[in-house]
Each structure stands twice: as C-alpha cells, then as structure tokens.
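For reference, the chains in residue letters:
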2 protein chains.
Amino acid sequence: MEIVKMPLGMVVIKMLKPMFCVLEMRAAKQTDLKLTMPQFVLLFTINEEKEEVILKDMAEKLGKDKSAILRMIDLLEKKELVRRVVDQNDRRKNQLMVTKKGERLIAEFRKIESELNSELLEGLSEADMETFYKVANHIQIKSEQLKIASTI
Amino acid sequence: MEIVKMPLGMVVIKMLKPMFCVLEMRAAKQTDLKLTMPQFVLLFTINEEKEEVILKDMAEKLGKDKSAILRMIDLLEKKELVRRVVDQNDRRKNQLMVTKKGERLIAEFRKIESELNSELLEGLSEADMETFYKVANHIQIKSEQLKIASTI
DNA sequence: TTTATTAGTTGCATATGTCAATCATTATTC
DNA sequence: GAATAATGATTGACATATGCAACTAATAAA
C-alpha cells in the first residue's frame, strides 16, 4: 500500500474531500437551508458546548480571528439558527444560543451523516473503527498539546 | 468514549484542525513562502500525478470549479511554484508542471510533516496506524464511488 | 464547412480570513 | 472615586476562496 507514503494530513484530506462532497449533495437535497462547512462546524461547535459560550470562545476554539467568527454568526443569525443574548452579568458578552430551528437542522444533518456512515463503513469491523477513533482522538489531543506549547 | 457519538466528519475535522495549525506554524517558521492550505493541496496534487495534468483534471479531482483552480494556479505561478505549458497536440490545453522550486517546497513540507507525525503518533502502535490508514483509504474509495454514482 | 464540444478565461457575487482601529463595558490602580 | 487598563464585540480595509454564467479559442463531429 503506497498510501502509507503519503503525508498523514494528505491522507485525511483525501478521505474527507469526497466524503464531504457526497454529504453536501445529500444535505442539499433534504434541506432547503444551505450552510457552508465552516458555518456548519461553527453551529455544531456552539451546540456542543455545555456551558455558556461567547464569540471569543468560538474564535479560540476554532482557531480563527474574532471578526471571521462574528461574520459567520451574523449569517447564522440571519438564517435564524443562532441567537445572541446579552449576558446580564457582563454586558460586554453576547451568549450564543442555538435556536430550535438550528437544533432541528443539526439533528437532520446527523441523520444524513449516520446513514452515509453506515454505507461508507460497510466492510469494516467494529474493532477497526474503534482503532480509527482511538488514533484520531490521540492525534487531536497531541496536536492540541503541541499547539498550546508553541503558543506560549 | 463519548467521542464515538460524534459524527465521523466532525471527529476528523477536530483532529485535523489543531494538527494543521501546528503544521502551519512550523512551516511558516522554516519557509519564507507562505501558502494557504488549498494552494498547498493543489500544488501537492499536481505533483503527485504521474501523467500530464491540465486545469480541468485538477478541478474534477479537487471537486471545485475550474475558475477557482485557475485563480489558484495564477497565484502558484506568480510564486514560481507551478508553470503552464501549452500542449502542442491540443493547444486548448495547458499542462501544469511543478517547478524545481515547487518540488523543493514540497520536500521541505514533507520533512516538517514527518517530524510532526512522529511526535503525534508517539504512543500508537504500527498496527494501529495500519488500521487507521486502511480505514481512511476505505472511506475515501467508498466516498468516491458514491460521489460518482450520484453525479450520474 | 457548419455546428458542437472542450479547455481556459473573465466578471460578478458571496464567503472566508487576517489585521488594525474603535466602542462600550468592566477591572484595576493610584 | 477618578484615571487607566483590559476585555469583548464590532467595523473597515484588504486578500483569498469559490461558484456561476458568459465568453473566447481551439478542436471534434455532423
């Protein structure tokens, strides 16, 4: 398998590209609202947080400039997927909340994704997938450590 | 491990983000030329081809519009990493060639990447990584099949 | 030799992204 | 308690990224 000679990042990008392509096509068919990938990732990440989140948190978490996040939130708010709510304890902050509509969209997307996954993973064992997730998780954690270390 | 509940795409994105962040920081330190990720992926993909490649091929392969690729090639050409050469058999076509400078950049990047990889993969077994690559490859191939199937 | 197809290009619109400057609010310090 | 600093959000300027539609030049098909 010559694939092993390819840089890890490239391997993953090459996997992700056609996968997201199919995902986008299917999502476009079933939902009228069309989100770009960065928008969806932002929406998903806000939703995922258990604590209150503000713009600054998302900028840090996604590794982008605040203004980039701000403009995406503008778009998400225009589509009624996210709301800004002023924090009454600190009026500089806007808490970001996913609306019911946003939650429905995420649920819909998750369904499409899980259907796609079962097609994509056909032929792979449970054990293989556990290993895959383990490796992905490992790389994520290590990368974050390195990122923090080199930022200091 | 609750991570398994996350959509596969999200898991991979979450792995890729900090990894690329570190990669970019290190690459920026060692090379004066700064490429964006899409530019680098394009450069790498042109380089990877064994046969002659033209703009149209890259647009198809990367799943983007011809004009998007065209403008990136403009940028890569301006940076002297890629050259267009008119195909003498069919003068509509421009063959894309990676320059020596481009090749050096790729080699440099590969080195940085492989160093990073050995840090990131520390603690994972060979067998784990083989499984990871196998799964990634499997997903890529299946996705491409689905993509083609749904395009027809 | 018309006509159709193909590869590349251009204009336009939107999205994404960084940086620097600014505004309002809250914390700190003297 | 008033001046100053720090924080969070916003804006403007600018470059890149991306898709769509219209167009040009070259080649293939009729």
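Scroll up a little and you will see the structure.
What counts as what
Residues numbered from 1 in each chain as written. Chains lettered and ligands numbered in written order. Predicted model: local features only at pLDDT ≥ 70, side-chain atom pairs only at ≥ 80, totals over all residues. Heavy atoms only, no water. Salt bridge = Lys/Arg side-chain N within 4 Å of Asp/Glu carboxyl O. Helix = DSSP H or I, 4+ residues; strand = E, 2+ residues; numbered from the N terminus. Buried < 20%, exposed > 50% of the residue type's maximum accessible area, 1.4 Å probe, protein only. Axes fitted to C-alpha atoms, helices over the stretch in contact; angles between N-to-C directions. Left-handed = near helix turned anticlockwise from the far one by under 90°. Contact = heavy atoms within 4.5 Å. Nonpolar A, V, L, I, M, F, W, Y, C, P; charged D, E, K, R; others polar.

(A) Focus on the pattern of salt bridges. Residue and element names in this part refer to chain A. Summed over the entire model, instances satisfying the criterion amount to 23 salt bridges over all chains. The residue Glu103 makes a salt bridge to Lys100 at a minimum N-O spacing of 3.5 Å. On the criterion of helical spacing, the pair formed by Glu103 and Lys100 is a turn pair, its members being three residues apart in helix α5 (residues 100-120). According to the relative accessible area criterion, Lys100 is exposed, its value standing at 60%. One salt-bridge network, held together by shared partners, links Asp74, Glu77 and Arg84.

(B) Region of interest: the packing of helix α3 (residues 55-62) of chain B against helix α4 (residues 66-78) of chain B. Residue and element names in this part refer to chain B. One can describe the packing of α3 onto α4 by two numbers: an axis separation of 9 Å at closest approach and a directional angle of 115°. Along this stretch, α3 crosses α4, giving a crossing that reads as right-handed. Residues Leu55, Met58, Ala59 and Leu62 of α3 pack against Lys66, Ile69, Leu70 and Ile73 of α4. Here the residues of the contact of α3 with α4 sort into seven nonpolar, no polar and one charged.

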